[in-house]
Each structure stands twice: as structure tokens, then as C-alpha cells.
Amino acid sequence: DAMVIQNPRYQVTQFGKPVTLSCSQTLNHNVMYWYQQKSSQAPKLLFHYYDKDFNNEADTPDNFQSRRPNTSFCFLDIRSPGLGDAAMYLCATSRDLQSSYNEQFFGPGTRLTVL
Amino acid sequence: AQRVTQPEKLLSVFKGAPVELKCNYSYSGSPELFWYVQYSRQRLQLLLRHISRESIKGFTADLNKGETSFHLKKPFAQEEDSAMYYCALHTNAGKSTFGDGTTLTVKP
């Protein structure tokens with residue numbers, strides 16, 4: 001089945017130690033998104049890629065970076081994780097940004113713990 | 001700035017009762033509203049979108065621009081409807097805003 005895959009499902013890192021979360025998709029979608037979701041809160045968009053174009057949300061901390069080396073893969077890099085970065089990180093894709101194509105397909109998420 | 005508000009964190013109804021999950025939004029442009037659902041131990045998935053104007057699993061939602069609302073309704077709730085429901089606004093610039101979600105519990 002075509003889908004959105006996130007690895008690992010659970011990630012534990014130490015305070016200040018860089019960590020990378022991975023997302024891949026077999027849907028061949030143009031757009032890939034990264035969300036941060038803290039307990040009992042809404043998923044919060046960090047950034048998205050439209051093809052190779054990176055679009056950062058204005059309030060996304062500089063500590064969060066992303067890479068999209070090809071259509072299928074997108075990575076979230078947290079350069080110096082703090083305790084406040086512990087959260088569920090969701091990857092999503094959409095075929096395009098335009099109406100009728102902007103339904104988002106989500107991965108299962110990676111739960112990040114910062115010790 | 002765009003905003004999505006779901007005023008109820010928790011909603012509990014009995015099987016067979018009508019259910020309405022509220023969603024209000026603020027957005028200066030032409031909004032595209034969605035309802036996503038997350039069943040227990042499953043990933044977030046689309047339930048319905050306002051432009052399709054269809055009924056999915058018995059749920060409907062009408063966009064009311066005058067009241068800036070997109071409430072989700074079902075006339076007869078089923079136990080399998082128990083889940084977390086998120087209202088979301090997507091723009092063609094790629095900006096997405098989700099509400100905090102409503103946990104619906106349908107009791108037997």
C-alpha cells in the first residue's frame with residue numbers, strides 16, 4: 001500500500017544531542033510537511049517542502065531544520081534538543097497545495113523523548 | 001493570521017444519539033476546511049473536506065461563512081465513532097492550522 005512511513009517510531013535523545021527523524025513516502029506527492037504535536041495540543045506546522053522549495057513557518061525555532069534530498073524522503077533535524085522539544089513529530093504529504101489536491105496523508109509519528 | 005477553535009475537548013454521547021462537534025475558524029481569505037480523525041492506535045486520516053460536500057461514515061459538515069463555522073454532525077452516533085477529531089484549515093500557500101481536537105466517546 002502507498003503510504004507515509006516514519007522512522008523510528010520512538011526516539012530517545014539527550015539534552016543538546018542532535019537528532020534526526022526520518023519520513024518517506026510512496027505516494028509520489030509534491031508536498032511534505034512536518035508537524036510538532038505536544039500532549040493534548042493541536043499538531044503545529046513547523047515547515048513544508050513543495051517539491052524542493054522549503055517553506056519555514058515564521059515561529060519555527062532555528063533549532064529545527066529539514067532536508068528533502070529527493071521526492072520520497074524528508075528529514076527533520078533538531079540541532080540541540082531541549083526538554084521542551086519532547087513531543088510527537090508527524091510527517092504528512094499532499095499531492096499538491098491547490099484545492100482538490102491538498103488533502104494530507106499522515107505518517108504514524110515519531111515520539112521524541114529528551115533526557 | 002489563521003486560527004481554528006474547537007471549544008470542546010471532550011464530548012460524550014450515547015449510541016444512537018445525535019452528535020455535533022464544533023469548529024470555528026478565522027481566516028481572511030477563502031477557507032478550505034477539513035475534518036481529520038484519529039482512531040485508537042491509528043494515524044491521523046481525512047474524514048471529510050468542505051469542498052466535496054459529501055457524507056462520510058454518516059458524518060456531514062457544512063461551511064458557514066457567516067458564522068465562520070464548520071461543525072461536524074452525525075444524526076445517530078455509533079460506538080465505532082469514538083475517536084479524536086481535528087478540524088483543520090489548509091491554504092494554497094501550504095499553511096495548515098489544526099484545532100486542539102475533540103475526543104468523542106460514544107457509550108453503549
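Residues numbered from 1 in each chain as written. Chains lettered and ligands numbered in written order. Predicted model: local features only at pLDDT ≥ 70, side-chain atom pairs only at ≥ 80, totals over all residues. Heavy atoms only, no water.

Visitor: I'm lost on the sheet that holds strand 1 (residues 4–7) of chain A in this one. Help?
Guide: Sheet strands line up and pair through hydrogen bonds in the backbone, either parallel or antiparallel. Residue and element names in this part refer to chain A. As summarised here, the arrangement of the 4 strands in space is 1-3-8-7, forming an open sheet in which the pairing is antiparallel. Sheet topology places strand 1 and strand 7 (64–67) at the edges, where each strand pairs with a single neighbour. Direction aside, the axes of adjacent strands within the sheet are offset by 20° on average. Alignment of strand 7 against strand 8 (residues 73–78), held across 4 bridges, turns out to be antiparallel. Residue Phe-64 lies in a different strand from strand 8, and its bridge partner there is Ile-78. (Pairing = 2+ DSSP bridges. Helix = DSSP H or I, 4+ residues; strand = E, 2+ residues; numbered from the N terminus. Axes fitted to C-alpha atoms, helices over the stretch in contact; angles between N-to-C directions.)

Visitor: Explanation requested: the packing of aromatic side chains in the structure shown.
Guide: One pair of aromatic rings is described through two measures. These are the centre distance and the angle between the planes. According to the stated counting rule, one finds 13 aromatic pairs over all chains in the structure shown. Plain terms: the ring middles of Phe-106 of chain A and Phe-98 of chain B are 6.0 Å apart, the flat faces sit at 85° to each other, and that makes the pair edge-to-face. Here the residue Phe-106 of chain A occupies a position in strand 10 (residues 105–106), and Phe-98 of chain B occupies one in strand 10 (residues 96–98), the pair thus bridging two chains. Both residues of the pair, Phe-106 of chain A and Phe-98 of chain B, count as buried. Put simply, the rings of Tyr-33, Tyr-35 and Phe-106 of chain A together with Phe-34, Tyr-36, Tyr-86 and Phe-98 of chain B pair up and form one aromatic cluster. The residue whose ring lies beneath Lys-107 of chain B is Phe-14 of chain B, and the NZ or CZ to ring-centre distance is 4.4 Å. (Phe/Tyr/Trp six-rings, centres within 6.5 Å; stacked < 30°, edge-to-face > 60°. Buried < 20%, exposed > 50% of the residue type's maximum accessible area, 1.4 Å probe, protein only. Lys NZ or Arg CZ within 6 Å of the ring centre and 35° of its normal.)

Visitor: I would appreciate a short explanation of the environment of Gly-58 of chain B in the present structure.
Guide: Residue and element names in this part refer to chain B. As for its placement among the helices and strands, Gly-58 is situated in the loop between strand 6 (45–49) and strand 7 (60–61). Judged by relative accessible area, Gly-58 falls into the partly exposed class, the value being 32%. Note: C-alpha distance between Gly-58 and Gly-99 (41 residues apart in sequence) is 22 Å.

Visitor: Help me out: how do you make sense of the confidence of the model for chain A in this one?
Guide: Predicted coordinates in areas of low pLDDT are best not read in detail. Per-residue pLDDT for chain A has a mean of 95; in total, 98% of the residues score no lower than 70. The secondary-structure element of chain A with the lowest mean pLDDT is strand 1 of chain A, recorded at 95, while strand 4 (residues 31–37) of chain A shows the highest, at 98. (pLDDT = per-residue confidence, 0-100.)

Visitor: Help me understand the interface of chain A and chain B, please; the structure alone is not making it clear to me.
Guide: By convention, interface size is frequently given as the accessible area that disappears when the constituent parts associate. Between chain A and chain B, the contact holds 23 residues from the first and 20 residues from the second. Surface buried jointly by chain A and chain B totals about 1,800 Å² across both partners, of which 48% is contributed by carbon and sulfur atoms. Ranking the residues of chain A by area buried against chain B places Asn-102, Glu-103 and Phe-106 of chain A at the top, with a combined share of 27%. For Lys-95 of chain B, the salt bridge is made with Glu-57 of chain A, and the minimal N-O distance between the two is 3.2 Å. On inspection of chain A and its partner chain B, the count reaches 12 residue pairs in polar contact (both at pLDDT 80 or more). When contributions to the side of chain A that touches chain B are tallied by element, the ones reaching two or more residues are strand 4 and strand 5 (44–50) of chain A. Ranked by the residues each element gives to the side of chain A that touches chain B, the list is headed by strand 4 of chain A, at 3 residues. In the side of chain A that touches chain B, the residues fall into 11 nonpolar, 10 polar and 2 charged. (Contact = heavy atoms within 4.5 Å. Buried area = accessible area lost by both parts, 1.4 Å probe. Salt bridge = Lys/Arg side-chain N within 4 Å of Asp/Glu carboxyl O. Polar contact = N/O pair within 3.5 Å; in protein donor to acceptor, adjacent residues only side chain to side chain. Nonpolar A, V, L, I, M, F, W, Y, C, P; charged D, E, K, R; others polar.)

Visitor: Help me understand the pairing of strand 1 of chain A in this model?
Guide: Side chains on a regular strand alternate between the two faces of the sheet. Residues and elements named next belong to chain A. Residues of strand 1 alternate between two faces, with Val-4 and Gln-6 buried on one and Ile-5 and Asn-7 left unburied on the opposite face. Summarising the sheet, strand 1 and strand 3 (residues 19–25) pair through 4 bridges and their orientation is antiparallel. Opposite Gln-6, over in strand 3, you have Cys-23 as the bridge partner.

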